[in-house]
Every structure is written in structure tokens, then in C-alpha cells.
Number of protein chains: 2
Amino acid sequence: MTATQPMPSADVVFDTLFAYQRSAALKSAIELALFTAIDEGARTSSALAKRCGASERGTRILCDYLCTIGLLAKADGAYQLTPETAAFLSQRSPAYLGTMARFLLRPEVKGNFERLTEAVRGGGVAPGSDNNVADENPIWVDFARSMMPMMVPAAHAIADLVAGAEGALKVFDIAAGQGLFGIRIAQRSPRAEIVAVDWKAVLAVAEENAQAAHVQDRYRTRPGDAFKVDYGTGYDVALVTNFLHHFDPPTCTDFLRKVQAALKPGGRVVVLEFVPNPDRVSPPIPARFSLTMLSGTPSGDAYTFAELRQQLESAGFSDVSAHGLPTPQTVLLARR
Amino acid sequence: MTATQPMPSADVVFDTLFAYQRSAALKSAIELALFTAIDEGARTSSALAKRCGASERGTRILCDYLCTIGLLAKADGAYQLTPETAAFLSQRSPAYLGTMARFLLRPEVKGNFERLTEAVRGGGVAPGSDNNVADENPIWVDFARSMMPMMVPAAHAIADLVAGAEGALKVFDIAAGQGLFGIRIAQRSPRAEIVAVDWKAVLAVAEENAQAAHVQDRYRTRPGDAFKVDYGTGYDVALVTNFLHHFDPPTCTDFLRKVQAALKPGGRVVVLEFVPNPDRVSPPIPARFSLTMLSGTPSGDAYTFAELRQQLESAGFSDVSAHGLPTPQTVLLARR
């Protein structure tokens with residue numbers, strides 16, 4: 001620093017060192033149903049404390065903190081939801097996202113970030129960390145149960161892209177999770193038949209959801225490792241959602257070749273991914289997702305559109321297109 | 001949501017749920033001396049990987065992540081420091097703050113935020129959490145060793161406010177920590193004598209620093225509980241830094257009364273604190289500090305200027321004034 005350069009502010013350093021507190025505060029607010037209580041009319045720390053079964057002091061400090069990170073507003077000592085928290089964090093909203101905190105802040109997921117330095121050194125999930133792609137990893141049951149709200153807009157968009165109201169439609173849904181993508185197609189296309197592949201414990205969640213959606217008679221499952229299960233053949237559509245980012249490009253290409261072989265000629269594959277721009281540092285949420293893959297997988301990554309297109313084309317697909325979503329993910333569509 | 005209200009973006013929800021990753025990424029970058037390596041001329045992920053002893057893949061993903069949170073910039077595949085990271089996160093800078101990560105991201109400190117919901121329910125540090133104000137808590141040794149860089153500008157400012165170049169100056173420094181505040185006064189005022197109070201293990205750090213600053217012949221210590229130790233009397237200056245926020249207002253007032261009694265008439269007390277505005281939600285860093293006190297103490301808080309003035313005046317002080325710092329803290333000065 002020379003005398004002519006003014007010292008910059010260190011706020012970004014403090015903000016970043018303390019950033020973990022933001023996640024913890026949001027998790028607590030969700031656990032206490034604080035946003036819902038405000039939406040229902042409790043506005044002061046004492047009214048909120050009563051409604052949430054918490055101390056007045058703790059509630060006041062938590063609400064003030066949430067104001068400082070833009071999740072609440074405060075006027076004359078009364079707290080108000082922001083447009084974002086009203087839409088996504090009040091249980092009265094149909095777009096409620098609060099259940100996601102359960103998966104996204106699981107001890108296993110956060111624990112991997114405690115060993116991030118080791119992951120950077122080694123280039124992948126550190127010894128002692130939770131390997132996302134280990135066989136039958138129970139995190140995927142929680143993923144299936146918790147992450148549905150984030151997937152709803154994607155499921156609608158995918159159904160719009162592939163569902164035909166008439167005619168038979170044979171769909172297989174790889175790493176089906178909560179089953180939403182296939183189920184939504186089955187709801188839209190009365191003659192669609194779905195085959196779902198995932199770990200057995202995860203498919204139990206998908207089957208519950210298929211039952212609740214009244215499509216269970218057209219819903220079949222094939223439990224096991226997506227790389228090893230026999231998919232069968234003659235499918236019109238393959239769904240590959242939240243899957244490719246766990247693996248390196250050659251593995252993705254080999255896998256997509258197997259998918260391609262299960263499709264009819266002219267059949268389509270649907271890929272749902274976090275897709276950063278070619279610069280790899282924007283948009284923020286997709287670009288940041290690489291770090292989660294570094295911390296939790298041996299060689300996964302967030303792939304750019306060009307990289308995904310290359311994986312798809314190497315596997316024998318063509319006509320690769322990208323479709324934006326209101327969530328931070330992107331749908332890719334390609335044809336055998 | 002009605003049809004006329006466009007759906008807001010859920011990005012702030014995702015950003016907040018993932019915020020803990022920012023702290024982890026910064027901690028890893030500090031541990032790997034990544035910012036220093038960039039400052040020394042390594043700019044690509046492969047050059048940085050070599051310099052930091054890490055994998056190319058891990059280094060690339062970490063650097064890209066740091067770009068997304070404003071701690072690095074990227075152009076043509078080469079990484080650059082920002083003005084903030086050059087000033088505060090390169091070890092080549094005299095204002096290096098990297099050591100703070102060690103204290104601020106200690107497992108005990110972060111662990112308290114894992115039990116934040118309980119703390120909100122109960123109104124203070126949760127059972128099983130690390131009580132900051134427990135006797136001889138070893139976190140304070142780490143605080144003393146790690147947090148010095150943040151305290152340097154405050155120590156200079158305090159010395160400017162109280163040190164007289166001439167004349168005797170009897171100073172006592174309560175919860176002295178690394179000892180910096182008293183040591184800086186001793187360096188500025190050749191006839192100043194310092195008495196430092198803190199837990200015994202913490203005072204060992206202060207004594208090391210007094211020795212390194214060549215003021216050890218005018219540096220005495222009184223180990224023990226700041227509420228119980230006999231301070232002696234006849235002091236010109238009392239330093240009460242990073243202390244009051246751990247306790248509730250009546251405890252602070254009682255404590256300040258004890259401090260007042262140890263001062264000469266006309267003697268001054270110096271208080272260093274995170275001081276939020278009366279709205280309690282700004283400025284962000286001081287306002288957010290309340291949550292750390294909720295999670296780690298039975299009844300601590302960040303106090304506004306009016307609250308601190310009231311504590312000081314109730315204890316018999318007058319002429320209370322506030323003095324801004326380049327760090328997110330504020331110095332208060334008052335006279336017996």
C-alpha cells in the first residue's frame with residue numbers, strides 16, 4: 001500500500017468469514033417456522049416468540065440478523081417478509097422451498113466442506129468425507145424427500161418439452177429421486193409409461209409419490225446402480241436429471257452411450273444440470289456448484305453447455321438444445 | 001402470488017443456504033496461501049496448484065468459486081487479486097488478516113451455530129455449546145494468537161486517544177487478550193505502566209508480546225476472573241476491549257462500577273465494541289454480532305451507543321464519546 005492508494009474496506013473478508021452464520025440463521029428460522037408466523041400476522045419479537053415457542057431475546061436477535069442479510073425488513077420495531085421470503089419461505093406459499101434446508105444443510109454435506117482443503121489438495125472428495133456417489137448412499141433418500149420444491153418448475157418445463165397428449169410414450173427416468181420428472185410426464189400424457197431407476201431406498205419415495213399422483217399403474221422401478229442396471233430398450237424419452245455432474249466427462253459419455261442404446265431412433269434424452277457460462281464464474285449459483293462436487297465426489301463438476309453438448313454428441317446424440325428455467329438449473333434436450 | 005405479481009427470484013434463498021461454503025472456501029484459500037501465491041505471480045490454476053501443493057482440478061474449482069464471491073477476478077483464464085484480497089489476504093501485505101480465520105472458524109465457534117435453533121428457543125448459549133464466558137475457556141488463547149490483525153487499527157486509535165508522551169500513565173487492561181492495546185500505549189508513552197488482567201493462559205500470550213515489544217519492564221499481569229481480581233487503585237486509564245458484549249446490561253453496569261472505583265478522579269475508561277445503530281440492523285457487521293453472542297453466551301449482546309452510554313453513566317462515568325475505526329468496531333471513551 002502506498003500513501004496514494006486509500007486502504008480498501010475489509011468488510012468482504014469479515015462477511016465471508018462469517019458467511020456460515022447466514023446458513024445457520026436461515027435454517028433456524030425455517031425450523032422455527034418464523035417466516036410463516038410473520039406471514040400469519042405476528043410482527044414483533046414478543047408475538048413471534050410466543051408463536052414460535054422461542055425466547056423473546058433469541059427471536060429478536062434472529063429477526064434482526066435476518067434483516068441484515070435481506071431476508072426480513074424492519075420498520076418501527078415490526079418485522080415484515082420480503083417478496084422473496086413471502087414467496088419461498090412461508091409455508092402458506094405454494095412455492096415454499098423451506099424443506100430444502102434439510103438436505104442442503106445435512107451434516108454430511110456440510111461436513112465435506114470441513115475437509116475442503118484436503119479436497120483441493122487431492123482433487124476430489126477427501127478421505128473421511130461423504131462420497132455422494134458411494135453405493136446406496138442414504139443422502140439420496142433425503143434428497144428425494146427434501147428437494148422436490150426446487151424440482152417442480154423443472155418438472156413442468158420438462159413435461160412441456162417432451163410430453164405428447166396423445167399416443168404412447170415410453171419414458172425411463174435415471175436417478176429418479178423423488179420421481180417427480182417421470183410422474184409429471186405421466187400426469188400430462190395418459191398413455192405414458194415410466195420406468196424409474198435409482199437406489200432401492202430412494203425408489204420407495206418415488207413410488208409413494210407415484211401413488212399420491214395416481215399414476216402408479218404406469219410406474220415401474222428398476223433398483224440398482226444406474227451404470228449397471230439393464231434399462232431395456234425402445235424408449236421414447238430418457239430423463240437424466242441431477243446426475244452427470246457427479247462424474248468426469250469420459251464417464252458421462254460412456255453412460256450417455258448406454259442411455260442412447262436404450263432409446264428408439266429419434267428418441268430424446270433430457271438432461272437437467274447446473275450449467276455455468278464458458279467463463280465458469282457466472283451465473284453464480286451454477287458456477288459455485290463445482291465446489292460441492294469437488295468436496296463430495298471423486299471427479300464430478302458443473303459442465304458448461306459446450307462440454308455437455310460434446311458429451312452428448314460423443315455418445316451419438318444430435319440436435320442438442322438448452323432451455324432456461326426459473327430455478328438456477330438448465331434443461332438440455334438431444335435426439336438419438 | 002396473484003397473476004399480476006411476477007414471481008421473485010429464489011436466488012437469495014439458495015445463496016443463503018449455500019453461504020456456509022463461502023467461509024469454507026476462504027478458509028481453504030488461506031490455509032493453502034492461495035492469495036499470497038497469486039500475489040507472488042502464479043496466475044493460472046496449474047501454476048497455483050504447483051505453488052500451493054494442490055491438485056490442478058481442485059485449485060481451478062476453488063479459484064473459480066472465489067471469483068463468484070468477489071475475492072478473485074478472472075481474465076483469459078488467469079486469476080487476479082482484488083484490491084481487498086491484495087490488502088488483507090496476501091501474506092505480503094502488512095494488513096494481512098488471514099490469521100483470523102483460525103479463531104473465527106474454530107470448530108467450537110461454528111459448532112455453536114449448529115445449535116442455533118436451541119439458542120433461539122432458550123435465549124442464550126445452548127446446552128452442549130461452547131460457553132464463551134466459561135472460566136479459563138481456551139478459545140481466548142486462540143483469540144489472543146489469531147485476532148491481533150483486526151485489533152491493530154483499534155490499538156493505534158486508542159493510543160492516540162489516551163497516550164500522553166510525557167508524564168506517568170497508569171493503565172489497566174481488562175481481558176487483555178494478546179495485550180496489544182496496553183502494549184501500544186506503553187510504546188507511545190515511555191512512562192506508562194500497564195497492568196493486564198485475563199485468564200492465566202491468555203496472559204502468557206500478552207507477556208510474549210510485551211517482551212517482543214520491549215515493554216516487559218513496565219508490564220505486569222493479574223491472572224483470573226475480571227469480575228473478581230483485585231485491580232488496585234489510582235489508574236489513569238482502564239481498557240475494556242471486546243468484553244462488555246459477553247454480558248447483560250446490569251452485569252456490565254456492575255462491572256463498570258468496579259472499573260470506575262479503580263480509576264483516579266478524572267481517569268478515563270476506553271471501551272471497544274461492535275456498536276450497531278439504534279435500528280439494530282445496521283451497519284451489517286456490528287448488527288450481526290448479536291447472533292454470535294446469542295449462540296455463545298448466556299446473555300451477551302451487541303449494544304447501541306445509547307445502551308453503552310447508559311451502562312457507563314449508571315456506573316458513574318460521564319463525557320461519553322464514540323470514535324469510529326477502519327475496522328467494524330467503535331471506541332467509546334468516558335471519564336470518571
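A brief structural summary.

How each quantity is defined
- Residues numbered from 1 in each chain as written.
- Chains lettered and ligands numbered in written order.
- Predicted model: local features only at pLDDT ≥ 70, side-chain atom pairs only at ≥ 80, totals over all residues.
- Heavy atoms only, no water.
- Helix = DSSP H or I, 4+ residues; strand = E, 2+ residues; numbered from the N terminus.
- Buried < 20%, exposed > 50% of the residue type's maximum accessible area, 1.4 Å probe, protein only.
- Polar contact = N/O pair within 3.5 Å; in protein donor to acceptor, adjacent residues only side chain to side chain.
- Phe/Tyr/Trp six-rings, centres within 6.5 Å; stacked < 30°, edge-to-face > 60°.
- Pairing = 2+ DSSP bridges.
- Axes fitted to C-alpha atoms, helices over the stretch in contact; angles between N-to-C directions.
- Contact = heavy atoms within 4.5 Å.
- Buried area = accessible area lost by both parts, 1.4 Å probe.
- Salt bridge = Lys/Arg side-chain N within 4 Å of Asp/Glu carboxyl O.
- Nonpolar A, V, L, I, M, F, W, Y, C, P; charged D, E, K, R; others polar.
- Least-squares fit on C-alpha atoms with pLDDT ≥ 70 in both.
- 1 Å grid on protein atoms, 1.4 Å probe; cavity = no way out; pocket = protein on both sides within 12 Å on 5 of 7 lines; lining within 4 Å.
- Points joined across faces, edges and corners; volume = space filled by probe spheres on them.
- Expected span 1.5 Å × (residues − 1).
- Parallel < 35°, antiparallel > 145°, perpendicular 65-115°, else oblique.
- Left-handed = near helix turned anticlockwise from the far one by under 90°.

Take the side chain of Ser45 of chain B next. Residue and element names in this part refer to chain B. If you trace the backbone, Ser45 turns up in helix α4 (residues 45–52). The exposure class of Ser45 is buried, given its relative accessible area of 10%. Separated by 2.5 Å, the side chains of Ser45 and Glu56 make a polar contact.

Any two aromatic rings considered together are summarised by their centre-to-centre distance and by the angle between their planes. One pass over the full model with this rule turns up 24 aromatic pairs over all chains. Measuring from centroid to centroid gives 5.8 Å for Phe227 of chain B and Phe243 of chain B, while their planes differ by 35 degrees, and the two rings are tilted. Taken together, the residues Phe227 of chain B in the loop between β5 (219–223) and β6 (235–241) and Phe243 of chain B in the loop between β6 and α14 (249–262) connect sequence positions 16 residues apart. Taking the relative accessible area as the measure of exposure, Phe243 of chain B reaches 7% and is therefore buried. In this structure an aromatic cluster arises from ring pairing among Phe227, Phe243, Phe247 and Phe255 of chain A.

Let us look at the sheet that holds strand β6 (residues 235–241) of chain A. Residues and elements named next belong to chain A. With respect to topology, seven strands assemble into an open sheet ordered β5-β4-β3-β6-β7-β9-β8, the strand pairing being mixed. Here the strands that pair on one side only, and so sit at the sheet edges, are β5 (219–223) and β8 (318–324). When the angles between neighbouring strand axes are averaged without regard to direction, this sheet yields 20 degrees.

Next up on the list: the interface of chain B and chain A. Taken together, the contact between chain B and chain A spans 81 residues of the former and 81 residues of the latter. Summed over both partners, the interface of chain B with chain A comes to about 7300 Å²; 69% of that surface belongs to carbon and sulfur atoms. Looking only at chain B, the three residues that lose the most surface to chain A are Leu17, Tyr20 and Arg288 of chain B, adding up to 11% of its buried area. The closest approach of N and O atoms between Asp15 of chain A and Arg288 of chain B, which form a salt bridge, is 2.8 Å. The tally of links from chain B across to chain A stands at 34 residue pairs in polar contact (both at pLDDT 80 or more). At the level of secondary structure, the elements contributing two or more residues to the side of chain B that touches chain A comprise α1 (11–17), α2 (20–31), α5 (56–68), α6 (83–88), α7 (100–104), α8 (107–114), α9 (116–122) and α15 (284–296) of chain B. Counting residues per element, the side of chain B that touches chain A draws most heavily on α5 of chain B, at 10 residues. The class makeup of the residues in the side of chain B that touches chain A is 46 nonpolar, 19 polar and 16 charged.

It takes a turn of 180 degrees to lay chain B on chain A, together with a shift of 0.0 Å along the axis; the resulting RMSD is 0.0 Å. Both copies are brought into coincidence by an operation consistent with a two-fold rotation axis. For chain B, the minimum C-alpha distance to the rotation axis belongs to Tyr20 of chain B and amounts to 1.8 Å. Most of the interface of chain B is mirrored in chain A: 100% of its interface residues are interface residues there too.

Another aspect to go through is the layout of surface pockets. Its volume calculated, the largest pocket comes out at about 650 Å³. What lines the largest pocket is a set of 44 residues, among which Asn132, Trp140, Asn242, His245 and His246 of chain B lie closest to the centre. Counting residues per element, the ones that place at least two in the lining of the largest pocket are α2 (20–31) of chain A together with α7, α8, α10 (139–146), α11 (148–162), β4 (192–198) and α15 of chain B. Here the lining of the largest pocket is built from residues that sort into 27 nonpolar, 14 polar and three charged.

In this model, helix α14 (residues 249–262) of chain A (14 residues) spans 20 Å end to end at C-alpha, consistent with the 20 Å of a helix rising 1.5 Å per residue. Among all positions of α14 of chain A, only Cys252, Thr253, Phe255, Leu256, Val259, Gln260 and Ala262 of chain A are buried.

Attention shifts here to the environment of Pro249 of chain A. Residue and element names in this part refer to chain A. Tracing the backbone shows Pro249 in helix α14. According to the relative accessible area criterion, Pro249 is partly exposed, its value standing at 36%. Along the backbone, Pro249 and Ser295 are 46 residues apart, and their C-alpha atoms lie at a distance of 18 Å. Residue contacts for Pro249: discarding those within four places in its chain leaves Tyr303 and Gln311.

In this section: the packing of helix α15 (residues 284–296) of chain A against α5 of chain B. At their nearest, the axes of α15 of chain A and α5 of chain B sit 8 Å apart, and the two run at 140 degrees to each other. By the angle between their axes, α15 of chain A is oblique relative to α5 of chain B. As for the relative orientation of α15 of chain A and α5 of chain B, their crossing is left-handed in sense. From α15 of chain A, Ala287, Arg288, Ser290, Leu291, Met293 and Leu294 of chain A reach across to α5 of chain B, where they touch Arg57, Gly58, Ile61, Leu62, Tyr65 and Thr68 of chain B.

All names here are of chain A. Along strand β2 (residues 78–81), the buried face is formed by Tyr79 and Leu81; none of Ala78 and Gln80, which line the opposite face, is buried. Here four bridges tie strand β1 (residues 72–75) to β2, and the two strands are oriented antiparallel to one another. Across the sheet, the residue bridging to Ala75 is Ala78, located in β2. Where β1 hands over to β2, the hairpin turn is made up of two residues, of which Asp76 adopts a positive phi near 50 degrees.

Right, let's talk about the sheet that holds β6 of chain B for a bit. Residues and elements named next belong to chain B. Reading across from one edge, β5-β4-β3-β6-β7-β9-β8 is the order of the seven strands in this open sheet, with mixed pairing throughout. Pairing within the sheet leaves two strands with one partner each, and these edge strands are β5 and β8 (318–324). Going across the sheet, the axis of each strand differs from the next one's by a mean of 20 degrees, ignoring polarity. Of the pairings in the sheet, the one linking β6 to strand β7 (residues 263–273) comprises six bridges and is parallel in character.

Turning next to the pattern of salt bridges. For the coordinates displayed, the defined rule picks out 32 salt bridges over all chains. Two residues, Glu208 of chain A and Arg145 of chain A, come together in a salt bridge whose shortest N-O distance is 3.1 Å. Of this pair, Glu208 of chain A sits in helix α13 (residues 200–212) while Arg145 of chain A is found in helix α10 (residues 139–146), placing the two residues 63 residues apart along the sequence. Judged by relative accessible area, which is 41%, Glu208 of chain A ranks as partly exposed. Arg145 of chain A sits in the partly exposed class, given a relative accessible area of 46%. With a shortest N-O distance of 2.5 Å, Asp142 of chain B and Arg106 of chain B are connected by a salt bridge. Residue Asp142 of chain B is located in helix α10, and its partner Arg106 of chain B is located in the loop between α7 and α8; the two are separated by 36 residues in the primary sequence. The residues Asp142 of chain B and Arg106 of chain B share a single accessibility class, namely buried. Salt bridges here are not isolated pairs; linked through shared partners, they connect Arg102, Arg106, Glu108 and Asp142 of chain A.

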